[in-house]
Amino acid sequence: MHIVVCIKQVPDSAQIRVHPVTNTIMRQGVPTIINPYDLFAIEEALRLRDKLGGQVTILTMGPPMAEDTLRKALTFGADRAVLLTDRFFAGSDTLATTFALAAAIRKIGDTFGPVDIVFTGKQTIDGDTAQVGPGIAKRLGLTQLTYVSRIADVDGEARTIKVERRAEGGVQELATKMPCLITMLEGTNEIRRGSMNDALRASRAEIVKWSAADAGIEDTAKCGLRGSPTIVKKVFAPSPRATKATMVEPGDATPAEALIAEIFKQQPELESKLMTLARGY
Amino acid sequence: MIEEKFDAIVVGAGMAGNAAALTMAQRGMKVLQLERGEYSGSKNVQGAILYADMLEKLIPDFRDDAPLERHLVEQRFWMMDDRSHVGLHYRSEDFNEQSPNRYTIIRAQFDKWFSKKVQEAGAVVLCETTVVELVKDSFGKVIGVRTDRSGGLIRADVVVIAEGVTGLLGTRAGLREIPKPENTALAVKEMHFMPRETIESRFNLKGDEGMVIEAAGTISRGMTGMGFIYSNKECVSIGMGCLVSDFQRTGETPYGLLDAFKRHPSVAPLIEGSEVKEYSAHLIPEGGFKAIPQLYGDGWVVVGDAAQLNNAIHREGSNLAMTSGRIAGEAIFQLRSRREEMTEQNLALYKEMLDKSFVIKDLKKYKDMPALLHTQSQNFFLTYPQLVNKAMQSFVRVDGTPKVEKEKKTIRSFVNARSWFGLFADGFRLARAWR
């Protein structure tokens, strides 16, 4: 079983600051962490490997300093880490990111053995798009299992997998064939504390570093800013709400009546408009 | 058990631990450094001032890439009462030299850089790993450590304990006593951010020049302690510290003292309009020479704050830590190159070398100071500052009183407060402790 986990290095949202004048996020000097949602993906991958054997490869795309993030992922006990880093990748939106990651996963399969499952977190805490997982699945032609809350069963022989997926109004049970892509839901497990051996190994491990060319990407126009149709038109901080909430005491009336009365009191024109409309019926 | 054995394990990645790990790794030893924080510096709190000389001995060209804030050109000592301060300021253009002597730094950034140097020298640095136990063999020799990660014992020829002031590991292993409240200060600090230009105009600085204010007096409400203000590039560190035993006795709170210090009319204008972005607290070993514990034993040495190596009078700690770490590393390397065992007898070399350095010599010079300031704290931190400030005001205020009368009144105020005998005794004791 070969599992690839895609992770992202994100600024620690607990320590992030917004520039008071430009309203942009000040990333300088803000410590980076592994996207917290990705930790659930890493743990689930490690559990599958521990149960079924095989290997876990961690993959990220980012600047050279993302190596720290990968090393940290290795201390949990992953087998290897690949850093996709090239100036061609700078400024990627989700379309360009999935293009690069899909190529890297193909290359990982060629180099280290066929990939059975690709894991990602539910979404990142900096972009919040939840598009990269499904995007990779689409590009690689994998079945996508999103918002997975539990992996019920994996049959290595028959190459099938059964999972539970959180959906609106309930839990879906899904079964499909591998290879597949899973985006793991938060709160589904707890990341382990790597053993001393894992930590020692991680501190000395050689991180595999691939450029666009190394990952077999020929069309660099599809990477980075050039390959990103998304345009950020404006970044702004929402202005705080000026009006405060009003507490309504129902008294003798029903809560609904009291509420309507209060709304009409504050917006008399709304009452007259509604009355005019009501007269037509 | 981890199969691999190291030449040395260093517990802690502060100034002392980093210096020890770097010294040994630079000399080709196989070093494992364990740090409980997320990264080196994440748990450290200091004002902070860096003394170049001690770092130069480890990393001669540190000025090329170390995250330094400002080099100090001015030092101010303030003796404060509730509304005023009498100051002694020293500023010199000589400090604008090619290789400045003192810098303000921010430890979280500095230690990260320091740790990188340790890693580049070849040491294995593992963070987020807490050493929970020093493991001894049946003869009582320390043979390794156990951490909070699974995998059991990690062996090493020698363990350098650089675990900092609280020193749970060493005290639990019975290597030394728990630090006493009267030998330990609790300091709190805030980082006040404001634009560079504001800092430079308020403190009379240009470029990368910096200054420090060190203040004592009624701000500590009769307790043994002091306040400080250090200028960084874009923020000012302001803090207060007092002996833990004094906090116990008086029931005062550290943040209460810091709040009052910040509101003092001499201080408030300096930090006006700033934004607090960070606050922290830490213990400081202040027992001086007499509080230094056993520094070495079978298979172990202790360095830095854990060894109480801190000069409270000169407010030097990180340089003593760095130097003790370096000397421990050098002593261990000497033994190793002579193929000698890391026994108690042989590791005495570390203490021998440390005794010859400024670390022990300075602490010895002030060996009676902590006790004096502690037992006489009411006088030194309340009575005298008030008297001196009053005397100064009387000296500068022009109100038609003849000068002779003013002087008589001032002298009378001192005698009334402390009596002639008390004044002489205080002077004598202070002079003797200083000598």
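Residues numbered from 1 in each chain as written. Chains lettered and ligands numbered in written order. Predicted model: local features only at pLDDT ≥ 70, side-chain atom pairs only at ≥ 80, totals over all residues.

1. As for the overall build of chain A
Okay, step 1: The secondary structure content of chain A amounts to seven helices and 13 strands.
Okay, step 2: Over its C-alpha atoms chain A spans a radius of gyration of 24 Å, topping by over 25% the 19 Å that the globule rule assigns to 281 residues.
Okay, step 3: In terms of principal-axis extent, the alpha carbons of chain A reach across some 75 × 45 × 40 Å.
Okay, step 4: Expressed as a percentage of its 281 residues, the buried residues of chain A come to 37%.
Okay, step 5: A separation threshold of at least 6 residues defines the contact pool for chain A, and within that pool the share at least 24 residues apart is 69%. (Helix = DSSP H or I, 4+ residues; strand = E, 2+ residues; numbered from the N terminus. Rg over C-alpha atoms; globule rule 2.2 N^0.38 Å. Buried ≥ 20, exposed ≤ 12 C-beta atoms within 10 Å, placed from the backbone. Contact = placed C-beta atoms within 7 Å.)

2. Some thoughts on the overall build of chain B
Okay, step 1: Each helix and strand counted, chain B has 14 helices and 17 strands in total.
Okay, step 2: The C-alpha atoms of chain B give a radius of gyration of 23 Å, which matches the 22 Å a tight globule of 435 residues would have.
Okay, step 3: With the C-alpha coordinates aligned to their principal axes, the bounding extent of chain B is approximately 85 × 50 × 40 Å.
Okay, step 4: The long-range fraction of contacts in chain B, counting pairs at least 24 apart against all pairs at least 6 apart in sequence, stands at 72%.

3. Re the interface of chain A and chain B
Okay, step 1: At the interface, nine residues of chain A touch ten residues of chain B.
Okay, step 2: Its residues placed into classes, the side of chain A that touches chain B shows three nonpolar, four polar and two charged. (Nonpolar A, V, L, I, M, F, W, Y, C, P; charged D, E, K, R; others polar.)

4. Some thoughts on the nonpolar core
Okay, step 1: Membership of the largest hydrophobic core comes to 185 residues, with the highest contact counts inside it found for Val 5 of chain A together with Val 160 of chain B.
Okay, step 2: If one sorts the elements of this core by residue count, helix α3 (residues 94-112) of chain A sits on top with nine residues.
Okay, step 3: If sequence neighbours within four positions are ignored, Val 5 of chain A has contacts with Ala 41, Ile 42, Ala 45, Val 56, Ile 58, Leu 59 and Phe 119 of chain A. (Core = buried A, V, L, I, M, F, W, Y, C linked by C-beta atoms within 7 Å.)

5. Some details on the domain arrangement of chain B
Residue and element names in this part refer to chain B.
Okay, step 1: Along its sequence, chain B is organised into domain 1 (5-67 + 106-177 + 293-365), domain 2 (182-285) and domain 3 (369-434).
Okay, step 2: With centres defined by C-alpha atoms, the gap from domain 1 to domain 2 works out at 29 Å.
Okay, step 3: With eleven residues of domain 1 at the interface, the matching set in domain 2 holds 15 residues.
Okay, step 4: Class assignment for the residues of the side of domain 1 that touches domain 2 results in four nonpolar, five polar and two charged. (Domains from an automatic or database assignment.)

6. Observations concerning the pairing of strand β8 (residues 131-136) of chain B
Residue and element names in this part refer to chain B.
Okay, step 1: Here β8 runs beside strand β9 (residues 142-147); their pairing, made up of five bridges, is antiparallel. By the bridge assignment, Val 135 is partnered in β9 with Gly 144.
Okay, step 2: Once β8 ends, the chain turns through five residues before running back antiparallel as β9, passing Gly 140 with a positive phi of about 85 degrees. (Pairing = 2+ DSSP bridges.)

7. Thoughts on helix α7 (residues 254-263) of chain B
Residues and elements named next belong to chain B.
Okay, step 1: For α7, every residue scored as buried is listed here: Pro 254, Leu 257, Leu 258 and Phe 261. Buried residues in α7, looked at end-on, bunch into an arc of 100 degrees, giving them a common side.
Okay, step 2: Structurally, α7 contributes buried residues whose contacts are with β11 (184-193), β13 (225-231), β14 (235-243), α6 (244-250) and β15 (275-285). (Arc of directions from axis to C-beta.)

8. Some details on the environment of Met 392 of chain B
Okay, step 1: One can find Met 392 of chain B in helix α13 (residues 377-396).
Okay, step 2: Distance in space between the C-alpha atoms of Met 392 of chain B and Phe 228 of chain B is 22 Å, their sequence separation being 164 residues.

9. Here we look at the sheet that holds strand β7 (residues 80-84) of chain A
Residues and elements named next belong to chain A.
Okay, step 1: The nine strands lie next to each other as β11-β10-β9-β12-β8-β1-β6-β7-β13, forming an open sheet whose pairing is mixed. Edge strands, defined here as strands with exactly one partner in the open sheet, are β11 (170-177) and β13 (208-210). Taken over all neighbouring pairs, the strand axes of this sheet differ in orientation by 35 degrees on average, direction set aside.
Okay, step 2: Bridging between strand β1 (residues 2-6) and strand β6 (residues 55-61) involves five bridges; their strand directions are parallel. Each residue of the ladder has a partner; that of His 2, found in β6, is Gln 55.
Okay, step 3: Across the face of the sheet, α3 comes into contact with β1, β6, β7, β8 (117-121) and β13 while running at roughly 150 degrees to β6. (Axes fitted to C-alpha atoms, helices over the stretch in contact; angles between N-to-C directions.)

10. Brief notes about the domain arrangement of chain A
Okay, step 1: According to the domain assignment, chain A consists of domain 1 (2-222) and domain 2 (243-281).
Okay, step 2: Distance from the C-alpha centre of domain 1 of chain A to the C-alpha centre of domain 2 of chain A: 51 Å.

11. Examining the environment of Leu 134 of chain B
All names here are of chain B.
Okay, step 1: With respect to the element layout, Leu 134 can be found in strand β8.
Okay, step 2: Along the chain, Leu 134 and Ile 154 lie 20 residues apart, while their C-alpha atoms are 9.9 Å from each other.
Okay, step 3: If we skip the residues at most four places from it in the chain, Leu 134 touches Val 142, Val 145, Val 159, Leu 169, Ala 173 and Trp 300.

12. Some words on the packing of helix α1 (residues 15-26) of chain B against helix α3 (residues 107-120) of chain B
Residue and element names in this part refer to chain B.
Okay, step 1: Relative to each other, α1 and α3 sit at 20 degrees, their axes nearing to 9 Å. If you check the angle between α1 and α3, you find them roughly parallel. Pair α1 / α3 crosses with left-handed handedness. Residue-level contacts link Asn 18, Ala 21, Leu 22 and Ala 25 of α1 to Asp 111, Phe 114, Ser 115, Lys 117 and Val 118 of α3. (Parallel < 35°, antiparallel > 145°, perpendicular 65-115°, else oblique. Left-handed = near helix turned anticlockwise from the far one by under 90°.)

13. Describing the packing of α13 of chain B against helix α14 (residues 403-434) of chain B
All names here are of chain B.
Okay, step 1: For the pair α13 and α14, interaxial distance at closest approach is 9 Å and the crossing angle is 155 degrees. Classified by the interaxial angle, the pair formed by α13 and α14 is roughly antiparallel. When you trace α13 past α14, the crossing you get is left-handed. Where α13 approaches α14, its residues Asn 379, Thr 383, Leu 387, Lys 390, Ala 391 and Ser 394 are matched on the opposing element by Lys 406, Lys 409, Thr 410, Ser 413, Phe 414, Ala 417, Arg 418 and Asp 426.
Okay, step 2: When its residues are assigned to classes, the contact of α13 with α14 shows four nonpolar, five polar and five charged.

14. Digging into the confidence of the model for chain A
Parts of the prediction with low pLDDT should not have their coordinates interpreted in detail.
Okay, step 1: For chain A, mean pLDDT is 91; residues scoring 70 or higher make up 97% of the total.
Okay, step 2: Within chain A, the element-level pLDDT minimum falls on strand β4 (residues 25-26) of chain A, averaging 70, and the maximum on β1 of chain A, averaging 98. (pLDDT = per-residue confidence, 0-100.)

15. Describing the confidence of the model for chain B
Okay, step 1: On average, residues of chain B score 93 in pLDDT, and 100% of them reach the 70 mark or higher.
Okay, step 2: Helix α12 (residues 369-375) of chain B is the least confidently modelled element of chain B, averaging 80 in pLDDT, while strand β2 (residues 31-34) of chain B averages 98, the highest of any element.

16. A short note on the environment of Val 10 of chain B
Residues and elements named next belong to chain B.
Okay, step 1: Tracing the chain through its elements places Val 10 in strand β1 (residues 5-11).
Okay, step 2: Assessed through the 36 C-beta atoms surrounding it within 10 Å, Val 10 is described here as buried.
Okay, step 3: With 268 residues separating them along the chain, Val 10 and Glu 278 place their C-alpha atoms 29 Å apart.
Okay, step 4: The contacts of Val 10, once residues within four sequence positions are left out, are Gly 17, Ala 20, Ala 21, Val 31, Gln 33, Val 160 and Ala 162.

17. Re unusual backbone geometry
Okay, step 1: Between Met 178 of chain A and Pro 179 of chain A the backbone carries a cis peptide bond, its omega angle lying at 5 degrees.
Okay, step 2: The residue Pro 179 of chain A is located in the loop between β11 and β12 (180-184) in this model.
Okay, step 3: Phi at Ala 130 of chain A is positive, roughly 60 degrees, even though this residue is not glycine.
Okay, step 4: Ala 130 of chain A sits in the partly exposed class, given 18 other C-beta atoms within 10 Å.
Okay, step 5: One non-glycine residue, Gln 308 of chain B, lies in positive phi territory at about 65 degrees.
Okay, step 6: Among the secondary structure elements, Gln 308 of chain B is positioned in the loop between β17 (300-302) and α9 (318-337).
Okay, step 7: For Gln 308 of chain B, a count of 25 C-beta atoms within 10 Å puts it in the buried group.

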